[in-house]
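So the chains spell out like this:
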Amino acid sequence: MGEEGNGMKMILSGAFAAGIMAAGLAAEVRFDFEIAQASGGTAADKLRAAILELGRQFGADYPEKAFLERLDKLEAGDDEAELEAFGRAALVAGNPLLAAQPLLFVTRKQYRPDHHNTETMFQTGEINTGSYDTEGAFKVLDAKSGAVKTLFAPGVGATVRDPDVSFDAKRIVFSMRKGKDDDYHIYTMSADGSDVRQLTAAPGVSDIDPIWLPDGDILFSATREPKYCMCNRHIMCNLYRMKPDGANIHQIGKSTLFEGHATLMPDGRVLYDRWEYVDRNFGDAQGLWTCYPDGIGHALYWGNNTTSPGGVIDARTLSQTHLAIAILGSCHDRPWGALGLIDRSRGVDGRTPILRTWPADFINRVTTVGQDFDSTRSIPRKYEDPVPLDDRHFLCAKQRAKSEEMEVYYLDLYGNEVLVHAEAPGCYDPMPLKTRTPPPAHPQRRNFSDPKGTGMFYVQNVHIGTHMQGVKPGAVKYLRVIESPEKRTWSGRGWFGQGEQAPGMNWHNFENKRILGTVPVEEDGSAYFEAPASTFLFFQALDENGMMVQSMRSGAYVQPGENYGCVGCHENRVGDIPQAKTKPTAMRREASKLNGWYGSPRLFSFQMEIQPIFDKHCVSCHDYGKKAGEKLNLAGDRDAVFSTSYVDLWSQGAITCVGAGPAEIQQAYSWGSHPSKLIQKLRSGHSDVKLCAEELDRLITWVDINAPYYPCYECAYPRNLGGRCPLTAEELNRLKALTGVQVANSHGAKQRATMSFARPVLSRILTSVATNAAAKAEALALIQEGVRRLKEKPRADMHGFVPAAKDLAREAKYQVRLAEERRVYEAIRVGKRVYDVGLMR
């Protein structure tokens with residue numbers, strides 16, 4: 001737009017002016033890439049650009065000429081305070097986007113800091129219950145006058161959060177907690193704050209982040225499948241859906257960690273943030289995902305393999321599905337950070353899709369390399385709760401300088417940031433209280449006849465992919481299908497792999513595994529197979545020898561009756577995708593069935609599946625007191641957390657596994673059985689060792705699935721090292737005092753087992769006291785006490801293991817919730833309605 005459009009003098013500086021002038025503003029509000037990426041300009045330049053655009057958009061309803069005349073006078077006077085006050089008058093009080101209707105917001109204290117940005121629930125009976133410390137209310141602001149009134153205040157010690165206004169603006173859905181002894185439940189109320197109705201009431205469950213769906217149903221996040229983050233001890237959420245009156249609550253998301261901050265996209269799909277990891281770093285595994293409102297078609301949107309920001313959360317799409325504004329946050333922080341404008345059509349990771357950030361310089365921290373997953377913690381004034389007013393104007397909460405209090409701010413693409421409202425103890429969740437046009441409603445497509453049902457996966461050509469260099473067409477012959485189960489419990493003490501495992505599970509990564517089987521890949525690279533529904537799976541491409549070529553390091557799942565497809569292996573999701581000239585071969589036949597792995601699917605145990613091979617073929621040479629054992633000891637003697645052989649295989653470099661590796665997608669053949677020295681040596685021949693085909697395949701498979709150790713998260717010694725060691729912390733400290741050796745609580749290069757609970761006298765920790773009879777005797781007695789305890793109370797890598805009492809209690813709760821999910825499935829199947837127990841209907 002030039003100066004001819006308004007008759008007023010328009011002076012814009014440098015690149016900023018070029019960006020605005022090139023935009024050619026039209027009366028309709030559409031997104032403009034040049035405006036989005038413009039930089040520079042004075043405060044007056046930015047105000048002028050916004051005023052011109054609002055004038056074009058609203059015509060006589062916006063006093064453009066008067067504002068521009070006033071701006072010219074202020075600019076000549078160079079009074080910053082007056083210019084700031086004018087900005088509020090022109091862009092807040094006089095802005096029809098804000099002033100034409102009330103603005104709803106929440107007042108409350110900022111959540112206390114905790115382990116992760118998802119931890120704001122402080123659920124009863126959980127590790128951080130005591131951190132609940134807030135009190136909140138709903139208020140409405142008249143932006144034109146600045147008048148504020150309380151819409152709904154639940155009382156002392158109670159708080160509200162996560163409001164969403166219905167499309168007709170008649171009702172508000174939200175989450176409320178009535179005090180520390182309560183949990184968050186879903187409620188609705190009239191837009192005037194009356195007629196409050198409780199929709200959910202499950203005990204020991206948190207229900208948060210509700211949104212209205214186009215058909216009137218409500219989608220929300222909940223801890224109704226009680227599971228915990230694998231890198232600590234905090235309870236997680238999944239997506240759920242229910243009827244407008246709270247009936248038939250059922251799960252639509254099944255990832256193993258957290259699904260939250262759902263919102264609707266213009267095409268009717270759901271956009272949400274998802275924290276989940278398989279064989280990768282915990283800190284940068286939280287990106288944006290999409291699905292349909294019935295839980296069909298979960299797919300990546302942006303940020304799953306971006307290391308900074310570590311958490312991409314609370315996103316809202318603009319008028320086009322590929323454009324979104326989101327919080328670019330940190331792993332170990334509250335749910336705040338920088339703001340980012342994302343163009344998903346430019347890529348699904350990294351800096352290229354980021355059009356701009358607030359603050360502007362944070363864009364230089366966006367990267368896909370390294371481990372900068374807490375990059376936003378140093379931002380002095382963080383942002384939260386973004387809401388688009390249209391494609392160029394936004395509301396959000398912004399941190400007050402040198403304070404944790406949040407204030408409501410207006411932002412636009414021209415670079416204006418204007419305070420809308422501030423009051424103690426803080427302002428959150430701002431949004432217009434007005435009608436909206438709903439996106440299209442999608443039909444229910446999942447099958448409720450059987451909660452244990454199946455779905456189908458198909459792949460067009462597994463050889464297509466961004467990280468399949470060196471993989472020749474036809475090289476992949478099979479897909480291995482593996483379950484990564486949820487973590488249903490935790491221990492008081494942990495083991496530090498890539499992060500804290502509580503309890504210790506593996507040398508470096510967090511997950512246990514269950515192999516469901518392998519399926520064939522056709523010559524054209526296609527595959528088609530049946531899989532259990534509502535099960536978190538990942539796939540590995542295998543060659544003719546059953547060795548891994550490439551592996552997923554994220555998860556996928558299907559709903560009962562769903563058919564889920566992909567083009568290839570880590571394919572380019574936004575570029576040109578090769579189209580199959582004919583129907584893929586696998587799709588012309590019946591779906592393959594999963595065939596298990598040397599028996600029925602089961603949780604993988606190193607001691608049960610792998611150690612017997614070493615006992616039979618290797619320990620005669622690779623043992624304590626043997627020359628080969630000095631280099632690589634393959635004895636199965638249990639150590640403090642793992643075993644002698646397991647520790648050596650990892651620490652001495654015999655296997656090449658990614659562990660909880662970097663966020664970056666790894667190249668084909670870069671880890672697993674192909675580059676591992678152990679497998680290379682056994683395949684090429686080693687002494688007179690002759691493995692049968694099954695034994696070699698077992699070893700290959702174990703390395704390919706990232707060399708796990710424990711089969712389960714339950715433990716026998718939750719208060720001891722790693723939840724696994726039979727000796728207490730005090731006894732381990734005494735061992736250190738006697739021997740000078742610290743029993744390791746984390747992985748390390750060249751680290752070796754220090755104790756043998758099978759043959760205590762061979763424990764390496766005794767070497768340092770070999771000439772001190774008294775110290776050796778006392779140290780040996782402590783290790784022998786550990787042997788006695790393991791016989792009395794076997795741990796999870798032994799036969800006869802029984803989980804600790806708290807593990808059993810958490811599993812009992814899990815089964816109660818699972819039974820409730822099945823009750824709902826049955827009600828939906830027969831056309832009935834059921835509600836949370838305790839709610840009167």
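Above this text is the structure in question.
Anyway, here's the lowdown on the structure attached to this text. (Residues numbered from 1 in each chain as written. Predicted model: local features only at pLDDT ≥ 70, side-chain atom pairs only at ≥ 80, totals over all residues. Heavy atoms only, no water.)

Regarding the overall build of the protein chain
Regarding its fold elements, the protein chain presents 15 helices and 33 strands. Relative to a compact globule of 841 residues, whose C-alpha radius of gyration would be 28 Å, the protein chain shows 29 Å and is just as compact. Taken along the three principal axes of its C-alpha coordinates, the protein chain extends 95 × 65 × 60 Å. Expressed as a percentage of the 841 residues in the protein chain, the buried residues total 62%. (Helix = DSSP H or I, 4+ residues; strand = E, 2+ residues; numbered from the N terminus. Rg over C-alpha atoms; globule rule 2.2 N^0.38 Å. Buried < 20%, exposed > 50% of the residue type's maximum accessible area, 1.4 Å probe, protein only.)

Let's talk about the layout of surface pockets
Over the atoms rolls a probe the size of a water molecule, and in doing so it shows where empty space is left. A volume near 1,300 Å³ is recorded for the largest pocket. Looking at the largest pocket, it is lined by 49 residues, and the ones nearest its centre are Thr263, Arg316, Val387, Pro388 and Arg436. Counting residues per element, the ones that place at least two in the lining of the largest pocket are strand E4 (159–165), strand E8 (207–212), strand E12 (258–264), strand E16 (311–317), strand E20 (383–388) and strand E24 (427–432). Its residues placed into classes, the lining of the largest pocket shows 26 nonpolar, 9 polar and 14 charged. (1 Å grid on protein atoms, 1.4 Å probe; cavity = no way out; pocket = protein on both sides within 12 Å on 5 of 7 lines; lining within 4 Å. Points joined across faces, edges and corners; volume = space filled by probe spheres on them. Nonpolar A, V, L, I, M, F, W, Y, C, P; charged D, E, K, R; others polar.)

Considering the nonpolar core
Counting residues in hydrophobic clusters, the biggest one holds 142 residues, and the most contacted among them are Trp702 and Met755. When near neighbours in sequence (up to four residues on either side) are disregarded, methionine 755 contacts Tyr624, Arg638, Asp639, Ala640, Leu727, Leu732, Leu735, Val743, Ser763, Ile765 and Ile783. If you look at the next biggest cluster of nonpolar residues, it comprises 47 residues, including Leu74, Leu318, Ile325 and Phe394. (Core = buried A, V, L, I, M, F, W, Y, C linked by side-chain atoms within 4.5 Å. Contact = heavy atoms within 4.5 Å.)

Some words on the sheet that holds strand E29 (residues 514–520)
Across the sheet, which stays open at both edges, the 4 strands sit in the order E29-E26-E31-E32 with antiparallel pairing between neighbours. The outermost strands of the open sheet, each flanked by one partner alone, are E29 and strand E32 (548–551). The average angle at which neighbouring strand axes cross in this sheet is 25°, direction not considered. Note: strand E31 (residues 537–542) against E32, 3 bridges, orientation antiparallel. Looking across to E32, one finds that glutamine 540 is bridged to serine 551. (Pairing = 2+ DSSP bridges. Axes fitted to C-alpha atoms, helices over the stretch in contact; angles between N-to-C directions.)

Here's the deal with helix H13 (residues 729–739)
Looking at H13, one finds that the buried residues are Glu731, Leu732, Leu735, Leu738 and Thr739. The buried side chains of H13 occupy one side of the element, clustering within an arc of 120° when seen end-on. Looking at H13, the residues exposed on the side facing more than 90 degrees away from the buried face are Glu730 and Ala737. The elements touched by buried residues of H13 are helix H14 (773–792). Residue glycine 740 follows H13 closely and has a positive phi angle near 80°. (Arc of directions from axis to C-beta.)

Some thoughts on the packing of helix H4 (residues 64–77) against helix H5 (residues 80–93)
Where H4 meets H5, the axes come as close as 10 Å, and the angle between the chain directions of the two elements is 170°. Put simply, H4 runs roughly antiparallel to H5. From H4, Phe67, Arg70, Leu71 and Leu74 reach across to H5, where they touch Glu82, Leu83, Phe86, Ala89 and Ala90. A per-class count over the contact of H4 with H5 returns 7 nonpolar, no polar and 2 charged. (Parallel < 35°, antiparallel > 145°, perpendicular 65-115°, else oblique.)

A few points about the packing of aromatic side chains
Per the stated rule, a full pass over the model turns up 33 aromatic pairs. Judged by centre distance (5.2 Å) and plane angle (50°), the rings of phenylalanine 606 and tryptophan 702 are tilted. With phenylalanine 606 in helix H7 (residues 606–609) and tryptophan 702 in helix H12 (residues 693–704), this residue pair connects regions lying 96 residues apart in the sequence. Side by side, phenylalanine 606 and tryptophan 702 carry an identical accessibility label, which is buried. Through successive ring pairs, a cluster of aromatic residues spans Trp495, Trp507, Phe606, Phe614, Phe642, Tyr646, Trp702, Tyr709 and Tyr710. (Phe/Tyr/Trp six-rings, centres within 6.5 Å; stacked < 30°, edge-to-face > 60°.)

Quick notes on a negative patch on the surface
Taken together, the side chains of Asp78, Asp79, Glu80 and Glu84 define an acidic patch exposed on the protein surface. Looking at where aspartate 78 falls in the secondary structure, it is placed in the loop between H4 and H5. Among the residues examined, aspartate 78 registers a relative accessible area of 66% and is labelled exposed. (Patch = residues over 30% accessible without salt bridge, like charges linked within 9 Å, V, L, I, M, F, W, Y side chains within 5 Å. Areas by Shrake-Rupley, 256 points an atom, 1.4 Å probe, with all protein chains shown as cover. Salt bridge = Lys/Arg side-chain N within 4 Å of Asp/Glu carboxyl O. Lys, Arg positive; Asp, Glu negative; His and termini not counted. Charge placed at Lys NZ, Arg CZ, Asp CG, Glu CD.)

Points about the pairing of E8
Burial analysis of E8 places 6 of its 6 residues in the buried class, the great majority of the element. In this structure, E8 lies alongside strand E9 (residues 218–222), joined through 4 bridges in antiparallel fashion. Residue aspartate 207 lies in a different strand from E9, and its bridge partner there is alanine 222. Hairpin remark: E8 followed by E9, antiparallel, with 5 residues in the connecting loop; positive phi at glycine 216, about 100°.

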